[in-house]
Amino acid sequence: MTASLTDTSALTRPMTDPFGRTITYLRVSVTDRCDLRCFYCMSEDMTFLPKADLLTLEELDRLCSAFIHKGVKKLRLTGGEPLVRRNVMGLVRSLSRHLKSGALDELTMTTNATQLAKYASELADCGVRRINVSLDTLDPQKFRTITRWGDLDRVLAGIEAARAAGLHVKINAVALKNMNEDEIPALMQWAHGKGMALTLIEVMPMGEIGAGRIDQYLPLSLVRSRLAQQFTLTDLDTTTGGPARYAKVAETGGVLGFITPMTHNFCEACNRVRITCTGTLHTCLGHEDASDLRKPLRASVSDELLSEAIDRAIGLKPKGHDFIIDRRHNRPSVSRHMSVTGG
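Residues numbered from 1 in each chain as written. Predicted model: local features only at pLDDT ≥ 70, side-chain atom pairs only at ≥ 80, totals over all residues. Heavy atoms only, no water.

Student: When you look at the packing of aromatic side chains in this model, what are you seeing that I'm missing?
Tutor: To describe a pair of aromatic rings, one takes the distance between the centres and the angle between the planes. Scanning the model with the defined rule gives 1 aromatic pair in all. Taking 6.2 Å as the distance between ring centres and 80° as the angle between the ring planes, the aromatic pair formed by Phe 39 and Tyr 40 counts as edge-to-face. As far as the burial class goes, Phe 39 and Tyr 40 line up, both buried. Above the plane of the ring of Tyr 25 lies Lys 74, whose end atom (NZ or CZ) is 4.6 Å from the centre. (Phe/Tyr/Trp six-rings, centres within 6.5 Å; stacked < 30°, edge-to-face > 60°. Buried < 20%, exposed > 50% of the residue type's maximum accessible area, 1.4 Å probe, protein only. Lys NZ or Arg CZ within 6 Å of the ring centre and 35° of its normal.)

In structure tokens:
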């Protein structure tokens, strides 16, 4: 039934999918662009979206606010690299009003840290308390190889700036076969030594990147068994609203997370959806599902049409993802790149 102009119940209706999961976590890509070219994420000669195709910052604010009114309590801004979008801090500052009102519990960001030295203090001033930093190695040459041209010192300076600003930093590292697998213990000890958690992530088969997924894929079940030979890992019930499962490391006193889209389906308690920088809603990272929210967003100055479109999309959310590495054809499970989908 279409909501009337005077009926605001649909605007605040909780978002519950067909399997009884309530959606409280929204990840929003503010740009598909990035100043790095990590080889497991992008091809070196990426063609980015025309800027005219992107939602404006004002539209992103309105879209995020509509989801907050419908029950989203955690909002993560992603990219590409979110901090390369012009005037993105204006969006962060505007969205922080929902923290002050109590409508939003957490506003956070995933970043590669190249711009953090410039923006860390302002992020903290806007009410951001935690950020995730993507970092796969502490070896400068290997970092340049993975990112194709990145400067590790700049990233480390950004991390230190974030810590100095009072932000809690969690390091995300993609486990890469024959690239950083021997570094994982040292990377964990470095992160834990600075009071930062580390989360390991399996390669996800998304987008054509000009390299074989099989050559990159390292199952975290194997990584964990190797770590268990050197460290004492105790599983935790801790959750941050995402797909990671966590363990306490007795020897370091730190927390280690595992995100395992390939070896362990983490969909049973999925409470999140993603929006691209063009206004496309994806209710599952591992499906080609797509719902256009840009059209209803722009069709009316009120949010009735937008809210109805959101409800329809949530009603189609699948039970779980279908990630698989296609060993016969070496094709990704999902054609869109992670940089387009949003972190």
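Student: In this structure, what is going on with helix H4 (residues 116–125)? I would like to understand it.
Tutor: Every α-helix carries 3.6 residues per turn, so stepping three or four residues along brings you back to the same face. All of the buried residues in H4 are Leu 116, Tyr 119, Ala 120, Leu 123 and Ala 124. Seen from one end, H4 has its buried residues packed into an arc of 140°, which puts them on one side. Looking at H4, the residues exposed on the side facing more than 90 degrees away from the buried face are Lys 118, Ser 121 and Asp 125. Packing partners of the buried residues in H4 comprise helix H2 (88–95), strand S3 (106–111), strand S4 (130–134) and helix H6 (152–164). Downstream of H4 by a residue or two, Gly 127 has a phi angle that is positive, lying close to 95°. (Helix = DSSP H or I, 4+ residues; strand = E, 2+ residues; numbered from the N terminus. Arc of directions from axis to C-beta. Contact = heavy atoms within 4.5 Å.)

Student: Please clarify how the side chain of Glu 59 should be interpreted in this entry.
Tutor: Here Glu 59 lies in helix H1 (residues 57–69). Of the residues examined, Glu 59 reaches a relative accessible area of 16% and is grouped as buried.

Student: How do you make sense of the side chain of Asp 32 when you look at a structure like this?
Tutor: Residue position: Asp 32 is located in the loop between strand S1 (25–29) and H1. It turns out Asp 32 is buried and unbridged, and the closest side chain with the opposite charge, Arg 33, is 4.6 Å from it. A polar atom in the side chain of Asp 32 sits 2.9 Å from the backbone nitrogen of Leu 49. (Lys, Arg positive; Asp, Glu negative; His and termini not counted. Salt bridge = Lys/Arg side-chain N within 4 Å of Asp/Glu carboxyl O. Polar contact = N/O pair within 3.5 Å; in protein donor to acceptor, adjacent residues only side chain to side chain.)

Student: Is there a simple way to explain helix H9 (residues 220–227) in this structure?
Tutor: Of all the positions in H9, only Leu 220, Val 223 and Leu 227 are classed as buried. Looking down the long axis of H9, one finds its buried residues gathered within 50° of arc, a one-sided arrangement. Check the buried side of H9 and you find it contacts helix H7 (184–193), strand S6 (197–201), strand S7 (233–235) and strand S9 (255–259).

Student: Got a minute to help me understand the sheet that holds S1 in this structure?
Tutor: In sheet architecture, strand pairing relies on hydrogen bonds along the backbone and comes in two forms, parallel and antiparallel. Spatial strand order, S7-S8-S9-S6-S5-S4-S3-S2-S1-S10-S11-S12: 12 strands in an open sheet with mixed pairing. Both outer strands of the open sheet, S7 and strand S12 (291–292), are each paired with one neighbouring strand and no more. Summarising the sheet, S7 and strand S8 (residues 245–249) pair through 3 bridges and their orientation is antiparallel. Opposite Thr 234, over in S8, you have Lys 248 as the bridge partner. (Pairing = 2+ DSSP bridges.)

Student: Any chance you could explain the nonpolar core here in plain terms?
Tutor: Among soluble globular proteins, nonpolar side chains are generally buried collectively. Ranked by internal contacts, the top residues of the largest apolar core, which has 94 residues, are Phe 67, Leu 75, Ile 159, Ile 171 and Leu 200. Here the element with the most residues in this core is H1; it accounts for 7 residues. The contact partners of Leu 200, leaving out residues within four places of it in the chain, are Ala 173, Ile 184, Leu 220, Val 223, Leu 227, Leu 256, Gly 257, Phe 258 and Ile 259. (Core = buried A, V, L, I, M, F, W, Y, C linked by side-chain atoms within 4.5 Å.)

Student: What is the right way to read the pattern of salt bridges from this model?
Tutor: Where charged atoms from two side chains of opposite charge approach closely, those side chains can pair. Scanning the entire structure with this criterion turns up 18 salt bridges. The shortest N-O distance in the salt bridge between Glu 44 and Arg 148 comes to 3.9 Å. Highlighted residues: Glu 44 in the loop between S1 and H1 and Arg 148 in the loop between helix H5 (140–147) and H6, separated in sequence by 104 residues. Arg 148 gets classed as partly exposed once you look at its relative accessible area, which sits at 22%. Note that Arg 130 is salt-bridged to Glu 106, the shortest N-O span being 2.7 Å. A residue pair is termed long-range when its members are at least 10 positions apart, and Arg 130 in strand S4 and Glu 106 in strand S3 qualify at 24 residues. The class of Glu 106 is buried, set by a relative accessible area of 17%. Salt bridges linked by common partners bring Arg 13, Lys 70 and Asp 311 together as one network.

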